[in-house]
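Remarks on the overall topology
Chain by chain, the residues:
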Amino acid sequence: MDLYEVFTGSRLDVITEEVLSGDEEHQEEVKEDEVNRDLPTKEAFVVVSEKAETRTFQRFSTDTNDSLRFEAYVPSSDEEGTPSPDSSVDGHDDVFEEHKKSENKVNNIRTKLEEKVVEMENFAGHLEEIFLTVEDNFGRQEQHLEQHYNDVLQTLSQRYDERAAALGEEKKRRLEALYTQLLGCGRTLDASKDLIETAQELYRTEDKRLFLQAVMPTMKRIEEFAKEKPDLTLVTTLEFDRPLANLSDVKTMMDSINIVPAPSAPVINPQVSNSATPTSLRVCWSLFSDDSVEYYELYYRPVLEDTPAADSTKGPDVSNVKVKETHCSVGDLLPNAQYELWVTATNTTGISPASEKAVYMTVPSPPFIRQRECSSCPEAALIRWESRNTNPVDSYTVELIETGTDGQSGVTESIVAVPTCESLIQLQSGRQYLIYVRAVNIGGPSERSEAFTVSTTGTIFHLQQDTAHPCLSISEDGFSMFYGDEELPLSAMTFDDNTFARCVAVLGDLIPVRGRHYWEVEVEEDTEYRIGVAYEDTQRNSYLGGTNTSWCMRHVLTPSRHKYEFLHSGWSPDIRITVNPVRIGLSLNYERGILSFFNVDLEQHLHTFYCSFLHYVHPCFALDNPGALTVRNGVAAPDDLDQGFPNSEYHNTARLT
């Protein structure tokens, strides 16, 4: 039982001791091994027994957190008598206060001990790593010495074989020369012996006539033989030359044992994420040996599109930088560019072979948001952008920040790993957001693009220039269209599969989100127009409202009045509008399947189409005579729009099946 258990248990265990008679004051003492002798001894505590009839006290003290020593407490003369309740309470308070202090001290000491234990464990781990490194290095050095020893023996054996072969050739040459000389001496001796024998025979001849005939030739032969002087000099010496063996390479090898070898080729690491900026790269490499290195030299150059990375004979100039570490940052680079890098290691002995080449990429340039092609509605926004980077990027990150009415920005939300150059973002209605786009490659994310502000108070879209009839002119902001008085000849018009050919019309780029959309159109009273919605694949060689793929309101000027039609599949209900609208509101509700038209100035409902739209629709606009038309979007729909302006004079509907 430790001190904490004594004072924090469900109840305070009271240790009592029966009063002994007379001189018997022997007390039992519970002792345990002390863990830390430096811990301060606590002041003696007084505990009151729970037995009312027993007024005996016992004093105990602690030397450590894990041991208790109980001692009998004998009250002094000043303490004799019955203790008051107040004194008992004060005693308990002192006990708990002293316990709290001791517990804090013990915890502090325990924390310090734990920290020292962690430090010792880390130090032991470090020593173990050093031990393993030393052992590994010793093994490599031993292999190195053994290799040198084998090389020296092999070189000496090669020199011995060479010298023995040379000596054998020299011996053979000399013996052959001596043998040739010996043969010559033998021939000379044979000739002299033959002359002597001939002369002796001639001398013994008794026939004078025969003697006279043979003596002259014999004398002539003896004279010729006497004229020949035999070469009695040895053709070779008896001693062999003893040239000193050239063991310089062996000496070099012996000396190289004590010389630091040249480093081995480093290994450049592949590029890791977030290791680059638009103009810099952080490169790391490794040296898988214990070679001594004074410095490293990093080489790099940009990789051009028409130059393969492996072709080292072509390409731009190579730059280099010297460092002592196994990492380096290079700057003054191009954004979103590929760079080829390799590294060498150098010491006093020489330069290592170059590492394998690696290709790193800098961070891309910020994308450019194409505001003319972005659209939004109260529930979402469709953001489009272009990369403007030569090399492809891995993905894009879209960041949106909600801005309050006071202009302060809120928390940044990110949509990551967007694979294409557009993103449909779900938003909250009636808010304003700042949209940014980043391009991401292995080097990291680019800087933010320029901010694009999106307001979800209404629907925002632009007129699609690629669908416009050649006679139409679209304003720079994409919200107005103009039909000039001059008729263009047919030869001057350029049509394609996406442009309207018969109706002078254009489509709007409405966001593909099923929900509620509202926009307004401003026209002049004398302008003939068609406004409404159409499927994207509506026929380009037909009039709006003339097929089952478009729904529109048409204004026609007749000699007697302004005529308004609400066309779908070429059919229109009979509707008369007394006040000519110049500001028309269109409400599209996918869920309810309705398309409604309103006179905004009079808050007057004009007509409603009921249809279950099978596909997403686009706003469509057409001018049947020269004039202008302006789209007002981004405006909030009127509050009583769903009631169809119940106070209006007209409430026309048409249901379609």
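Residues numbered from 1 in each chain as written. Predicted model: local features only at pLDDT ≥ 70, side-chain atom pairs only at ≥ 80, totals over all residues. Heavy atoms only, no water.

**Digging into the overall build of the chain**
We count it as follows: By definition, any uninterrupted DSSP run of H or I lasting at least four residues is a helix, any uninterrupted run of E lasting at least two residues is a strand, and each is numbered from the N terminus. Three labels apply to residues, based on accessible area from a 1.4 Å probe with only protein chains included: buried if under 20% of the type maximum, exposed if over 50%, partly exposed otherwise in between. Note on contacts: a residue pair qualifies if any of its non-hydrogen atoms lie within 4.5 Å across the two residues. Accessible areas in this description were obtained via Shrake-Rupley with a 1.4 Å probe; residue shielding takes into account the shown protein chains only.
Within the chain one finds four helices and 33 strands. Going through the 657 residues of the chain one by one, you find that 36% of them count as buried. Pairs at least 24 residues apart make up 68% of the contacts formed inside the chain by residues separated by at least 6 positions. In the form shown here, the chain has an accessible surface area of approximately 40200 Å², with 51% of it arising from carbon and sulfur atoms.

**Quick notes on the sheet that holds strand E7 (residues 295-302)**
Threshold: Note on pairing: two strands pair once DSSP finds at least 2 bridges between them. Axes, fitted as lines to C-alpha atoms, cover a helix only where it is in contact. Angles between the N-to-C directions of the axes lie from 0 to 180 degrees.
Across the sheet, which stays open at both edges, the four strands sit in the order E8-E7-E10-E11 with antiparallel pairing between neighbours. The open sheet has two edge strands, strand E8 (319-323) and strand E11 (358-361), and neither has a second partner. Strand-to-strand twist across the sheet, computed as the mean angle between neighbouring axes with direction ignored, equals 30°.

**As for the pattern of salt bridges**
Put simply, the test is: In what follows, salt bridge is the name for a side-chain nitrogen of Lys or Arg lying within 4 Å of a carboxyl oxygen of Asp or Glu.
For the structure on display, the rule yields 18 salt bridges. Between Glu-520 and Arg-583 there is a salt bridge, and its shortest N-O distance comes to 2.8 Å. Of this pair, Glu-520 sits in strand E24 (residues 516-523) while Arg-583 sits in strand E28 (residues 583-589), placing them 63 residues apart in sequence. In this structure Glu-520 comes out as buried when scored by relative accessible area, which is 3%.

**What about a nonpolar patch on the surface?**
Selection criterion: In this analysis, a patch consists of residues with relative accessible area above 30% that form no salt bridge, clustered at 9 Å for like charges and at 5 Å for the nonpolar side chains Val, Leu, Ile, Met, Phe, Trp and Tyr.
Together, Met-120, Phe-123, Leu-127 and Ile-130 give the surface a local cluster of nonpolar side chains, amounting to about 390 Å² of exposed area. Looking at where Phe-123 falls in the secondary structure, it is placed in helix H2 (residues 85-204).

**Things to note about unusual backbone geometry**
Here the phi dihedral of Arg-388 falls at roughly 60°; this positive angle occurs in a residue that is not glycine. Looking at Arg-388, the relative accessible area reads 55%, which means it is exposed. Positive phi, normally seen in glycine, also occurs at Ala-417, with a value near 55°.

**Points about the side chain of Glu-565**
The condition that has to hold: Throughout this description, a polar contact denotes any pair of N or O atoms lying within 3.5 Å of each other; where both atoms belong to protein, one of them has to be capable of donating a hydrogen while the other can accept it, and for residues adjacent in sequence the pair is counted only when both atoms sit in side chains.
Inspection of the secondary structure puts Glu-565 in strand E27 (residues 562-567). Among the polar contacts made by the side chain of Glu-565, one reaches the side chain of Lys-563 at a distance of 3.1 Å. Excluding residues that lie within four positions of it along the chain, Glu-565 makes contacts with Cys-552, Met-553, Arg-554 and Ser-572.

**Some points on the nonpolar core**
Worth spelling out the cut-off: We define the nonpolar core as a collection of buried residues of types Ala, Val, Leu, Ile, Met, Phe, Trp, Tyr and Cys that are connected through side-chain atoms lying within 4.5 Å of one another.
Among the nonpolar cores identified, the biggest contains 40 residues, and Ile-531, Phe-597, Phe-621 and Leu-629 are the most heavily contacted of them. Here this core takes four residues from strand E25 (residues 529-535), the largest share from any one element.

**Some details on helix H3 (residues 208-227)**
The test is simple: By this rule, a helix spans an expected 1.5 Å times one less than how many residues it contains. Each residue is assigned a bend, namely the angle between axes fitted to the seven residues that terminate at it and the seven residues that start at it.
Helix length check: H3, at 20 residues, gives a terminal C-alpha distance of 28 Å against a target of 28 Å (1.5 Å per residue), a fit within 8%. Remark: the principal bend of H3, roughly 30°, maps to Val-215, with a proline, Pro-217, within the next four residues.

**A word on the pairing of strand E15 (residues 395-403)**
For E15, the buried fraction is high: eight of the nine residues fall into the buried class. Pairing between E15 and strand E18 (residues 432-441): nine bridges, direction antiparallel. Paired with Thr-403 across the two strands is Gln-432, which belongs to E18.

**Some words on the sheet that holds strand E26 (residues 550-557)**
Strands sit in the order E23-E31-E25-E26-E27 across an open sheet of five strands; the sheet is antiparallel. Among the strands making up the open sheet, the edge pair consists of strand E23 (505-507) and E27. Across the sheet, the mean angle from the axis of one strand to that of its neighbour is 15°, orientation sign disregarded. For E25 and strand E31 (residues 617-623), the ladder comprises seven bridges, and the chain directions are antiparallel. In the strand pairing of E31, Gly-532 is matched with Cys-620.

**Things to note about the packing of aromatic side chains**
In plain terms, the rule: When the centres of two rings from Phe, Tyr and Trp lie within 6.5 Å, Trp using its six-membered ring, the rings pair. Their planes under 30 degrees apart give stacked, over 60 give edge-to-face, and anything left gives tilted.
What the rule picks out here adds up to 11 aromatic pairs. Centre to centre, the rings of Tyr-299 and Trp-342 are 5.9 Å apart; their planes meet at 10°, and the pair counts as stacked. Taken as a pair, Tyr-299 in strand E7 and Trp-342 in strand E10 (residues 338-346) lie far apart in primary sequence, 43 residues in all. Accessibility expressed as a relative area gives 12% for Trp-342, which makes it buried.

**Here we look at the confidence of the model for the chain**
Condition: pLDDT is a residue-level measure of predictor confidence that goes from 0 to 100.
Taken over all residues, the pLDDT of the chain has a mean of 79, while the share at 70 or more is 76%. The element-level mean pLDDT for the chain is lowest in strand E1 (residues 45-48), coming to 39, with E25 highest at 96. A low-confidence stretch, residues 1-83 (pLDDT under 50), is modelled with 115 contacts involving residues beyond four sequence positions or located in other chains. Every residue in residues 645-657 scores below 50 in pLDDT, and together they form 36 contacts with partners more than four places removed in sequence or on other chains.

**As for the state of the cysteines**
Condition: Note on disulfides: each one is a pair of cysteine sulfur atoms within 2.5 Å.
Summed over all chains, the structure comprises zero disulfides. In this structure Cys-620 is not part of a disulfide, and its nearest cysteine sulfur, from Cys-552, lies 6.0 Å away.

**What about the environment of Gly-546?**
Along the polypeptide, Gly-546 turns up in the loop between E25 and E26. Placed 24 residues apart in sequence, Gly-546 and Gly-570 show a C-alpha to C-alpha distance of 4.1 Å. Ignoring anything within four residues of it in the chain, the contact list for Gly-546 reads Ser-569 and Gly-570.

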